[in-house]
Amino acid sequence: MARAGHRWYASVLCKVTTELPDKPTGRQHARGTVGIDAGVKYLAALSQPLTPDDPTTLFLINPRHIRRAEKRLAKVQRALSRTQKGSARRTKAHRRVARLHHEVAERRDTTLHTITKQLTTRFATVAIEGLNVAGMTGSARGTTAAPGKHVRQKAGLNRSILDAAPGELRRQLTCKASWYGSQLAVLDRWWPSSKTCSTCGWQNPRLTLAVRTFHCDACGLWIDRDTNAARNIAANAVLSGTQRAGTVAPGSGETQKARGVPVRLPALRGRKHETKKREDTAPPGTVPPRRSDPPTSPNPRQEQANLF
Ligand SMILES: [Zn+2]
(Lines give C-alpha, C1' and ligand atoms only; values in the text may rest on other atoms or scores of the structure.)
Protein backbone atom coordinates (compact mmCIF):
# COMPACT_ATOMS: atom_id res chain seq x y z
CA MET A 1 0.00 0.00 0.00
CA ALA A 2 1.20 3.40 -0.81
CA ARG A 3 -0.22 6.78 -0.19
CA ALA A 4 -0.03 9.61 -2.74
CA GLY A 5 -1.79 12.90 -2.11
CA HIS A 6 -5.20 12.09 -0.66
CA ARG A 7 -5.42 8.58 -2.05
CA TRP A 8 -4.25 5.15 -1.10
CA TYR A 9 -2.99 2.80 -3.75
CA ALA A 10 -2.64 -0.93 -3.75
CA SER A 11 -0.28 -2.50 -6.28
CA VAL A 12 -1.01 -5.93 -7.63
CA LEU A 13 1.74 -7.69 -9.51
CA CYS A 14 0.84 -10.67 -11.63
CA LYS A 15 2.58 -12.61 -14.31
CA VAL A 16 0.61 -12.95 -17.53
CA THR A 17 1.85 -14.51 -20.71
CA THR A 18 0.68 -12.67 -23.81
CA GLU A 19 1.48 -12.94 -27.46
CA LEU A 20 3.14 -9.73 -28.53
CA PRO A 21 2.68 -8.77 -32.16
CA ASP A 22 5.96 -9.14 -34.02
CA LYS A 23 5.07 -6.81 -36.85
CA PRO A 24 2.83 -3.82 -37.50
CA THR A 25 -0.69 -4.27 -38.85
CA GLY A 26 -1.50 -3.35 -42.42
CA ARG A 27 -3.02 -0.12 -41.24
CA GLN A 28 0.04 0.84 -39.21
CA HIS A 29 2.21 -0.07 -42.17
CA ALA A 30 0.21 2.16 -44.50
CA ARG A 31 0.85 5.18 -42.30
CA GLY A 32 4.55 4.50 -42.05
CA THR A 33 6.81 6.55 -39.81
CA VAL A 34 5.85 9.43 -37.57
CA GLY A 35 8.56 11.77 -36.36
CA ILE A 36 8.02 13.36 -32.96
CA ASP A 37 9.64 16.56 -31.84
CA ALA A 38 8.86 16.83 -28.15
CA GLY A 39 8.86 20.47 -27.25
CA VAL A 40 7.92 23.32 -25.07
CA LYS A 41 5.31 25.16 -27.14
CA TYR A 42 3.47 21.92 -27.82
CA LEU A 43 3.70 18.60 -26.10
CA ALA A 44 4.93 17.35 -29.45
CA ALA A 45 5.05 18.31 -33.10
CA LEU A 46 4.55 15.44 -35.55
CA SER A 47 5.90 14.91 -39.05
CA GLN A 48 2.43 13.81 -40.22
CA PRO A 49 -0.95 14.33 -38.57
CA LEU A 50 -2.09 11.90 -35.90
CA THR A 51 -5.43 11.63 -37.70
CA PRO A 52 -5.08 11.38 -41.48
CA ASP A 53 -6.36 14.45 -43.37
CA ASP A 54 -6.64 16.50 -40.19
CA PRO A 55 -3.74 18.97 -40.22
CA THR A 56 -4.67 20.28 -36.78
CA THR A 57 -3.40 16.99 -35.34
CA LEU A 58 0.12 17.82 -36.55
CA PHE A 59 0.59 19.32 -33.10
CA LEU A 60 -0.26 17.63 -29.86
CA ILE A 61 -1.33 20.38 -27.53
CA ASN A 62 0.43 20.53 -24.22
CA PRO A 63 -2.40 20.70 -21.71
CA ARG A 64 -0.12 22.52 -19.29
CA HIS A 65 -1.94 21.13 -16.32
CA ILE A 66 0.58 22.55 -13.93
CA ARG A 67 0.28 26.07 -15.31
CA ARG A 68 -3.48 26.01 -15.03
CA ALA A 69 -3.26 24.73 -11.49
CA GLU A 70 -0.43 27.09 -10.60
CA LYS A 71 -2.66 29.88 -9.31
CA ARG A 72 -4.63 27.49 -7.18
CA LEU A 73 -1.43 25.93 -5.96
CA ALA A 74 0.07 29.32 -5.08
CA LYS A 75 -3.02 30.12 -3.06
CA VAL A 76 -2.96 26.95 -0.99
CA GLN A 77 0.79 27.26 -0.52
CA ARG A 78 0.38 30.83 0.78
CA ALA A 79 -2.24 29.58 3.18
CA LEU A 80 0.15 26.89 4.33
CA SER A 81 2.94 29.36 5.00
CA ARG A 82 0.66 31.47 7.19
CA THR A 83 -0.12 28.59 9.52
CA GLN A 84 1.66 27.95 12.81
CA LYS A 85 4.17 25.16 12.97
CA GLY A 86 2.76 22.06 14.60
CA SER A 87 -0.83 23.29 14.44
CA ALA A 88 -3.81 21.30 13.23
CA ARG A 89 -4.46 23.96 10.58
CA ARG A 90 -0.99 23.42 9.21
CA THR A 91 -1.58 19.71 8.83
CA LYS A 92 -4.80 20.45 6.98
CA ALA A 93 -3.18 23.04 4.70
CA HIS A 94 -0.37 20.66 3.97
CA ARG A 95 -2.84 18.02 2.90
CA ARG A 96 -4.49 20.47 0.51
CA VAL A 97 -1.17 21.22 -1.21
CA ALA A 98 -0.33 17.54 -1.56
CA ARG A 99 -3.76 16.79 -2.98
CA LEU A 100 -3.49 19.48 -5.65
CA HIS A 101 -0.03 18.33 -6.70
CA HIS A 102 -1.33 14.81 -6.97
CA GLU A 103 -4.34 15.74 -9.08
CA VAL A 104 -2.08 17.52 -11.55
CA ALA A 105 0.16 14.46 -11.78
CA GLU A 106 -2.81 12.17 -12.40
CA ARG A 107 -4.18 14.29 -15.24
CA ARG A 108 -0.79 14.55 -16.89
CA ASP A 109 -0.37 10.82 -16.66
CA THR A 110 -3.70 10.17 -18.36
CA THR A 111 -2.89 12.57 -21.20
CA LEU A 112 0.44 10.95 -21.85
CA HIS A 113 -0.98 7.45 -21.86
CA THR A 114 -3.64 8.44 -24.40
CA ILE A 115 -1.13 10.06 -26.71
CA THR A 116 1.49 7.33 -26.56
CA LYS A 117 -1.12 4.67 -27.25
CA GLN A 118 -2.42 6.56 -30.28
CA LEU A 119 1.08 7.01 -31.67
CA THR A 120 2.17 3.41 -31.21
CA THR A 121 -1.08 1.88 -32.52
CA ARG A 122 -1.46 4.12 -35.57
CA PHE A 123 2.04 4.06 -37.01
CA ALA A 124 4.52 1.35 -37.90
CA THR A 125 7.49 3.34 -36.65
CA VAL A 126 7.66 6.05 -34.03
CA ALA A 127 10.76 8.21 -34.36
CA ILE A 128 12.09 10.32 -31.53
CA GLU A 129 15.16 12.30 -30.75
CA GLY A 130 17.84 11.17 -28.30
CA LEU A 131 17.26 14.05 -25.95
CA ASN A 132 18.27 14.28 -22.32
CA VAL A 133 15.87 15.89 -19.91
CA ALA A 134 18.16 16.03 -16.90
CA GLY A 135 20.72 17.91 -18.98
CA MET A 136 18.20 20.28 -20.52
CA THR A 137 16.61 21.19 -17.25
CA GLY A 138 19.88 21.82 -15.43
CA SER A 139 19.80 24.45 -12.72
CA ALA A 140 18.96 27.89 -14.03
CA ARG A 141 21.17 29.57 -11.49
CA GLY A 142 24.25 27.59 -12.41
CA THR A 143 27.13 27.29 -9.97
CA THR A 144 29.17 29.96 -8.20
CA ALA A 145 32.02 29.24 -10.59
CA ALA A 146 29.74 29.49 -13.64
CA PRO A 147 26.62 31.47 -12.75
CA GLY A 148 23.74 30.98 -15.20
CA LYS A 149 22.66 33.71 -17.56
CA HIS A 150 18.99 34.62 -18.01
CA VAL A 151 18.08 32.85 -14.77
CA ARG A 152 14.38 33.74 -14.87
CA GLN A 153 13.90 32.69 -18.48
CA LYS A 154 15.75 29.44 -17.95
CA ALA A 155 13.73 28.68 -14.83
CA GLY A 156 10.54 29.23 -16.84
CA LEU A 157 11.82 26.99 -19.63
CA ASN A 158 12.65 24.29 -17.09
CA ARG A 159 9.10 24.46 -15.79
CA SER A 160 7.70 24.07 -19.31
CA ILE A 161 9.96 21.14 -20.10
CA LEU A 162 9.13 19.37 -16.88
CA ASP A 163 5.43 20.08 -17.36
CA ALA A 164 5.45 18.41 -20.75
CA ALA A 165 7.42 15.47 -19.27
CA PRO A 166 9.24 14.29 -22.39
CA GLY A 167 11.15 11.67 -20.44
CA GLU A 168 7.94 9.90 -19.49
CA LEU A 169 6.59 10.27 -23.04
CA ARG A 170 9.60 8.42 -24.29
CA ARG A 171 9.50 5.70 -21.67
CA GLN A 172 5.88 4.98 -22.56
CA LEU A 173 6.62 4.96 -26.28
CA THR A 174 9.37 2.43 -25.70
CA CYS A 175 7.08 0.04 -23.83
CA LYS A 176 4.02 0.48 -26.01
CA ALA A 177 5.85 0.13 -29.31
CA SER A 178 6.65 -3.43 -28.29
CA TRP A 179 3.06 -4.12 -27.22
CA TYR A 180 1.41 -2.88 -30.40
CA GLY A 181 3.78 -4.16 -33.06
CA SER A 182 5.36 -0.84 -33.90
CA GLN A 183 9.01 0.05 -33.66
CA LEU A 184 10.88 2.84 -32.01
CA ALA A 185 13.53 4.72 -33.95
CA VAL A 186 15.92 7.17 -32.36
CA LEU A 187 17.75 10.04 -33.98
CA ASP A 188 21.28 10.67 -32.78
CA ARG A 189 21.17 13.53 -30.36
CA TRP A 190 23.91 15.39 -32.22
CA TRP A 191 21.95 15.51 -35.45
CA PRO A 192 20.92 19.16 -36.01
CA SER A 193 17.20 18.47 -36.53
CA SER A 194 16.06 22.05 -35.92
CA LYS A 195 18.69 23.72 -38.04
CA THR A 196 18.44 21.50 -41.13
CA CYS A 197 15.92 21.99 -43.94
CA SER A 198 13.74 18.87 -44.10
CA THR A 199 13.32 19.26 -47.86
CA CYS A 200 16.82 19.95 -49.18
CA GLY A 201 19.23 19.52 -46.26
CA TRP A 202 20.49 23.11 -46.16
CA GLN A 203 21.50 24.24 -42.69
CA ASN A 204 20.84 27.49 -40.95
CA PRO A 205 23.60 27.80 -38.35
CA ARG A 206 22.18 30.99 -36.83
CA LEU A 207 18.73 29.66 -35.98
CA THR A 208 17.89 30.58 -32.41
CA LEU A 209 15.23 29.15 -30.14
CA ALA A 210 13.14 32.32 -30.49
CA VAL A 211 12.67 31.83 -34.24
CA ARG A 212 9.50 29.77 -34.60
CA THR A 213 9.48 29.45 -38.39
CA PHE A 214 12.19 27.78 -40.38
CA HIS A 215 13.03 29.50 -43.64
CA CYS A 216 15.32 27.77 -46.07
CA ASP A 217 17.62 30.06 -48.06
CA ALA A 218 18.41 27.27 -50.51
CA CYS A 219 14.99 25.93 -51.54
CA GLY A 220 12.65 28.60 -50.19
CA LEU A 221 10.78 26.34 -47.76
CA TRP A 222 8.79 28.13 -45.07
CA ILE A 223 7.72 25.73 -42.36
CA ASP A 224 6.94 25.62 -38.66
CA ARG A 225 10.19 25.10 -36.82
CA ASP A 226 8.97 22.05 -34.91
CA THR A 227 7.28 20.43 -37.91
CA ASN A 228 10.58 20.77 -39.75
CA ALA A 229 12.41 19.10 -36.88
CA ALA A 230 9.80 16.31 -36.69
CA ARG A 231 10.24 15.61 -40.42
CA ASN A 232 13.99 15.41 -39.99
CA ILE A 233 13.52 13.03 -37.09
CA ALA A 234 11.15 10.84 -39.13
CA ALA A 235 13.53 10.70 -42.08
CA ASN A 236 16.79 10.18 -40.21
CA ALA A 237 16.11 8.24 -37.03
CA VAL A 238 17.41 4.69 -37.02
CA LEU A 239 15.71 1.63 -35.63
CA SER A 240 17.30 0.49 -32.46
CA GLY A 241 17.95 -3.26 -32.43
CA THR A 242 17.32 -3.61 -28.71
CA GLN A 243 13.93 -1.99 -29.04
CA ARG A 244 12.52 -4.25 -31.71
CA ALA A 245 8.99 -5.44 -31.20
CA GLY A 246 8.70 -8.40 -28.90
CA THR A 247 11.84 -7.90 -26.85
CA VAL A 248 10.09 -6.44 -23.85
CA ALA A 249 8.71 -9.07 -21.52
CA PRO A 250 4.97 -8.88 -20.88
CA GLY A 251 4.21 -7.17 -17.64
CA SER A 252 7.23 -4.91 -17.71
CA GLY A 253 5.16 -1.81 -18.25
CA GLU A 254 1.66 -0.70 -17.38
CA THR A 255 0.63 -3.92 -15.72
CA GLN A 256 2.86 -3.11 -12.77
CA LYS A 257 1.23 0.20 -12.42
CA ALA A 258 -1.72 0.81 -10.15
CA ARG A 259 -3.95 3.54 -11.56
CA GLY A 260 -2.28 6.90 -11.43
CA VAL A 261 0.54 5.97 -9.12
CA PRO A 262 3.92 6.62 -10.62
CA VAL A 263 5.99 3.49 -10.17
CA ARG A 264 9.67 3.54 -10.99
CA LEU A 265 10.28 0.88 -13.57
CA PRO A 266 13.70 -0.47 -14.43
CA ALA A 267 14.93 1.51 -17.41
CA LEU A 268 14.90 -0.47 -20.63
CA ARG A 269 18.05 1.26 -21.73
CA GLY A 270 20.38 3.35 -19.63
CA ARG A 271 19.97 6.98 -20.61
CA LYS A 272 20.85 8.63 -17.37
CA HIS A 273 24.30 9.70 -18.37
CA GLU A 274 23.49 11.17 -21.73
CA THR A 275 24.78 14.66 -21.91
CA LYS A 276 22.82 17.70 -22.81
CA LYS A 277 21.70 17.95 -26.40
CA ARG A 278 23.68 20.49 -28.32
CA GLU A 279 23.43 20.90 -32.01
CA ASP A 280 26.40 23.13 -32.63
CA THR A 281 29.12 20.71 -31.65
CA ALA A 282 29.37 17.12 -32.72
CA PRO A 283 31.62 14.53 -31.14
CA PRO A 284 34.06 12.70 -33.39
CA GLY A 285 32.49 9.75 -35.17
CA THR A 286 29.05 11.20 -35.86
CA VAL A 287 28.44 12.64 -39.26
CA PRO A 288 25.74 15.27 -39.32
CA PRO A 289 24.93 16.59 -42.79
CA ARG A 290 27.40 19.21 -43.96
CA ARG A 291 26.32 22.80 -43.93
CA SER A 292 24.54 23.83 -47.13
CA ASP A 293 25.02 20.44 -48.76
CA PRO A 294 22.03 18.43 -49.86
CA PRO A 295 21.75 14.99 -48.20
CA THR A 296 23.83 12.38 -50.01
CA SER A 297 21.01 9.89 -50.30
CA PRO A 298 17.53 10.80 -51.47
CA ASN A 299 15.08 10.94 -48.62
CA PRO A 300 12.59 8.08 -48.98
CA ARG A 301 9.96 9.59 -46.73
CA GLN A 302 10.07 13.04 -48.16
CA GLU A 303 7.24 12.63 -50.63
CA GLN A 304 4.99 11.31 -47.95
CA ALA A 305 5.88 14.13 -45.59
CA ASN A 306 5.26 16.75 -48.26
CA LEU A 307 1.64 15.72 -48.61
CA PHE A 308 0.86 17.78 -45.55
ZN1 LIG B 1 15.61 23.69 -48.21
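Residues numbered from 1 in each chain as written. Predicted model: local features only at pLDDT ≥ 70, side-chain atom pairs only at ≥ 80, totals over all residues. Heavy atoms only, no water.

Novice: How would you explain the coordination of the zinc ion if you had to name every residue and give the values?
Specialist: At this site the zinc ion is bound by Cys197 (SG), Cys200 (SG), Cys216 (SG) and Cys219 (SG), with donor distances of 2.2 to 2.3 Å. For the zinc ion, all donor residues lie on one chain, and their spacing in sequence is C-x2-C-x15-C-x2-C. Since its relative accessible area comes to 1%, Cys216 is described here as buried. (Donors = N, O, S within 2.8 Å, 3.2 Å for Na, K, Ca; no water. Buried < 20%, exposed > 50% of the residue type's maximum accessible area, 1.4 Å probe, protein only.)

Novice: Account for helix 7 (residues 225-236), with residues named and values stated.
Specialist: Counted at 1.5 Å a residue, the expected span for helix 7 with its 12 residues is 16 Å, and the 17 Å between its end C-alpha atoms agrees. Helix 7 sits mainly inside the fold: 11 of its 12 residues count as buried. Among all positions in helix 7, only Arg225, Asp226, Thr227, Asn228, Ala229, Ala230, Arg231, Asn232, Ile233, Ala234 and Ala235 are buried. The N-cap residue of helix 7 is Asp224: its side-chain oxygen and the backbone nitrogen of Asp226 are 2.8 Å apart. (Helix = DSSP H or I, 4+ residues; strand = E, 2+ residues; numbered from the N terminus. Expected span 1.5 Å × (residues − 1). Polar contact = N/O pair within 3.5 Å; in protein donor to acceptor, adjacent residues only side chain to side chain.)

Novice: Report on the pattern of salt bridges, specifying residues and quantitative values.
Specialist: Summed over all chains, the structure comprises 3 salt bridges. The partner of Arg99 in a salt bridge is Glu103, and the shortest N-O contact between them spans 3.1 Å. With Arg99 and Glu103 both in helix 3 (residues 88-122), this residue pair falls 4 residues apart, about one helical turn. Among the ionic pairs, Asp226 bridges to Arg212, the shortest N-O distance being 2.7 Å. Here Arg212 lies in the loop between strand 7 (183-187) and strand 8 (213-215) and Asp226 lies in helix 7, a separation of 14 residues in the sequence. Take Asp226: its relative accessible area is 9%, and that puts it in the buried class. (Salt bridge = Lys/Arg side-chain N within 4 Å of Asp/Glu carboxyl O.)

Novice: Please provide a residue-by-residue account of the pairing of strand 3 (residues 33-38), values included.
Specialist: Regular strands place side chains that alternate from one sheet face to the opposite one. Counting buried residues along strand 3, 5 of its 6 residues qualify, which places the element largely inside the surrounding structure. Pairing of strand 3 with strand 6 (residues 125-129), which is carried by 3 bridges, proceeds in the parallel orientation. Opposite Gly35, over in strand 6, you have Ala127 as the bridge partner. Note that strand 3 and strand 4 (residues 44-46) share 3 bridges and pair antiparallel. By the bridge assignment, Ala38 is partnered in strand 4 with Ala44. (Pairing = 2+ DSSP bridges.)

Novice: Quick one: what's the story with the environment of Leu50, residue by residue and with numbers?
Specialist: Relative to the elements of secondary structure, Leu50 occurs in the loop between strand 4 and strand 5 (59-60). With residues near it in sequence (within four places) discarded, Leu50 still touches Arg31, Thr57, Leu60, Gln118, Leu119, Arg122 and Phe123. (Contact = heavy atoms within 4.5 Å.)

Novice: Got a sec to walk through a positive patch on the surface? Specific residues and values, please.
Specialist: A surface patch of like charges, here positive, comprises Arg3, Arg89, Lys92, Arg95 and Arg96. Counting residues per element, the positive patch draws most heavily on helix 3, which supplies 4 residues. Looking at the secondary structure, you find Arg89 in helix 3. (Patch = residues over 30% accessible without salt bridge, like charges linked within 9 Å, V, L, I, M, F, W, Y side chains within 5 Å. Areas by Shrake-Rupley, 256 points an atom, 1.4 Å probe, with all protein chains shown as cover. Lys, Arg positive; Asp, Glu negative; His and termini not counted. Charge placed at Lys NZ, Arg CZ, Asp CG, Glu CD.)

Novice: Residue-level account of the side chain of Thr116, with values.
Specialist: In this structure, Thr116 sits in helix 3. Here Thr116 is in contact with Leu169, Gln172, Leu173 and Lys176, once residues within four sequence places are set aside.

Novice: Go over the confidence of the model for the protein chain, please, and point to the residues and values.
Specialist: On average, the protein chain scores 73 in pLDDT, and the residues at 70 or more come to 63%. Every residue in residues 158-162 is under pLDDT 50, and counting partners more than four places away or in other chains gives 16 contacts. Here residues 242-308 is a poorly scored stretch, pLDDT under 50, and it has 113 contacts once near neighbours within four places are set aside; other chains count. (pLDDT = per-residue confidence, 0-100.)

Novice: Give me the packing of aromatic side chains: which residues, what numbers.
Specialist: In this structure the tally under the stated criterion is 2 aromatic pairs. Considering the side-chain rings of Trp202 and Phe214, the 6.4 Å spacing of their centres and the 65° angle between planes classify their relative orientation as edge-to-face. One end of the pair, Trp202, is in the loop between strand 7 and strand 8; the other, Phe214, is in strand 8, with 12 residues separating them in the sequence. (Phe/Tyr/Trp six-rings, centres within 6.5 Å; stacked < 30°, edge-to-face > 60°.)

Novice: Tell me what's going on with the nonpolar core, and back it up with residues and numbers.
Specialist: Core analysis: the largest hydrophobic core is formed by 17 residues, its most contacted members being Ile36, Leu46, Leu60, Leu119 and Leu173. Those elements giving two or more residues to this core turn out to be strand 3, strand 4, helix 3, strand 6, helix 6 (166-179) and strand 7. Take this core: its biggest share by element is 3 residues, from helix 3. Contact partners of Leu173, with chain neighbours within four places excluded, come to Ile36, Thr116, Leu119, Thr120, Val126, Ile128 and Leu184. Ranked by size, the runner-up nonpolar core spans 8 residues in total, among them Cys197, Cys200, Trp202 and Ile223. (Core = buried A, V, L, I, M, F, W, Y, C linked by side-chain atoms within 4.5 Å.)

Novice: Give a detailed account of the sheet that holds strand 6, specifying residues and quantitative values.
Specialist: Strand order in this open sheet of 6 strands is 5-4-3-6-7-10, and the pairing throughout is mixed. Each having just a single partner strand, strand 5 and strand 10 (238-239) make up the two edges of the open sheet. As defined by bridge partners, strand 7 adjoins strand 10 across 2 bridges and the pair is classed as antiparallel. From the neighbouring strand, Ala185 faces strand 10, where its bridge partner is Leu239. In this fold helix 7 packs onto strand 3, strand 4, strand 5, strand 6, strand 7 and strand 10, with an angle of close to 135° to the strand it touches most, strand 3. (Axes fitted to C-alpha atoms, helices over the stretch in contact; angles between N-to-C directions.)

Novice: Requested: an account of the environment of Arg72, with residues and values cited.
Specialist: Relative to the helices and strands, Arg72 is located in helix 2 (residues 65-81). A C-alpha to C-alpha distance of 9.3 Å links Arg72 and Val97, two positions 25 residues apart in sequence. Excluding residues that lie within four positions of it along the chain, Arg72 makes contacts with Leu100 and Glu103.

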